[in-house]
Structures are given as C-alpha cells and as structure tokens.
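Inside the fold
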Amino acid sequence: MGKVPEAAFYLGDTVELARHLLGKLLVHDTPEGVTGGMIVETEAYVGSLDKACHAWQNRSARTEVMFHAGGVAYVYLIYGMHHCFNVVTGPEGEGNAVLIRALEPVLGVDLMKRRRGTASERNLCSGPGKLCQALAITRADYGADLRHGSLRILEYRNIPASEIAVSERVNVEYAEEAARFPWRFTVRDNPFVSKVPGHTSKSCEKKKKIHQKG
C-alpha cells in the first residue's frame, strides 16, 4: 500500500480536494480484518457558502469536528440506520468536508461481502451507507485521525483530469442555489459509483469558476 498523504494535503481548497481524493485508498483495520477500497466518488461541502453543508450556520455537538483542521473523520447517521463517512478539510474553523460516496473494493473483499450480506462486488461500496457497512465505519470513528489511526487514507492511484466526471451533488434539492453547485466528482465510467452522473450544465461551470476565484 502507498504512503500517507502529508498533513498539508487536507488543508487546501475543499472542492479541489474532492477531486484529489479520487484514486486514494480508504482502509479500515478492525479486529475482524482489514478492508479497503479506492475512492471513486466524492462530494464537496463548504460551510461558509453551502446550504447543503451540515456546518452551514450550524456549529453544534454533531458538527464540531467539521471545524477542526483537515485530516480527521466526520461520521454521521442518516435515516437512523446508515452511517456516512466524510473527510474534514481546510484550516481549523472553516467547517468543510468531503463526503466519500463510493469505493472500488480492493482489500478484504470477502469480509466486505459478509458484512454487507451480498455476493455482488459491484454492490459492496456503491453508496455512502454501503461503504460504511462494508468497512465497519461507525460513529465510533467520529474524529479519527486519517493519517495515523486504524481508519486511514493512503496514496494509491493517480486519476488524470480527463478521467474525472463533474456533476451536481445527489439528494440536496432542499439547498436552493447550492443544489446546483458542480461539486460531485466521479471516476468516469467506473462501475462502482453510486449513480452515473449527468452532464454538467453551463450554470454549474459558472458557479465552479466563482468558487475558485473566491
């Protein structure tokens, strides 16, 4: 397996980090064994301007770790049953994170299948709740150090820009103008993504440029 990214990697622009996390290896070492997969789908969330972000005007017990310096885990529960794993990004105090939406299974595939109760490799990690179940990521991993702990991110493959698809995020229609931000990134044509992305509209590209300038 590859080396651990430098601490500075997690302190950069959150939208760019969502791109750069593609191709990294997410690994979890548990008493049952080691499981891991290559990140193939991400979404950026920027607390200062993003109504879809949990940290938008909300610094609470639930979101507190999002305001830490990048490189730790933000794990939350949705629908009372599914965990979602996020990489906290940016400098301390900003409230940013990248949601990891899908992995291509690499390590411990048989263990993942037992945990997920499926023989379908394509169905193991093709969604944020699925990948957390497959890797046994829970709220106990909230705040975990992703560089030195049992839950960590490692260098694995370089995904060139030509192989990255950009689209709007999934299930954030409530977020008004933020619902149209082009902050979802997938490895193009990868069979393990949660949902095949649509084409990015011109308005999305314009908002992306505005963010990058700001």
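First things first, this report covers the structure right here in the doc. The structure presented is a predicted model; accordingly, all values stated were derived computationally and were not measured.

Re helix H3 (residues 128–135)
Most of H3 is tucked away, with six of its eight residues classed as buried. Those residues of H3 that sit buried are Pro-128, Gly-129, Leu-131, Cys-132, Ala-134 and Leu-135. Packing partners of the buried residues in H3 comprise strand S1 (25–30), strand S2 (33–46), strand S4 (82–89), strand S5 (96–107) and helix H2 (109–116). Ala-136 sits one or two positions beyond H3 and adopts a positive phi of about 60 degrees.

Quick notes on the pairing of S1
Two faces belong to every sheet, and in a regular strand the side chains alternate between them. Counted residue by residue, S1 has five buried out of six residues, so it is predominantly covered. Across six bridges, S1 lies against S2 in antiparallel orientation. Paired with Leu-25 across the strands is Met-38, a residue of S2. In this antiparallel pair of consecutive strands, S1 and S2, the connection spans two residues. Pairing of S1 with strand S6 (residues 151–154) involves four bridges; the strand directions are antiparallel.

Analysis parameters
Residues numbered from 1 in each chain as written. Predicted model: local features only at pLDDT ≥ 70, side-chain atom pairs only at ≥ 80, totals over all residues. Heavy atoms only, no water. Buried < 20%, exposed > 50% of the residue type's maximum accessible area, 1.4 Å probe, protein only. Helix = DSSP H or I, 4+ residues; strand = E, 2+ residues; numbered from the N terminus. Contact = heavy atoms within 4.5 Å. Pairing = 2+ DSSP bridges.

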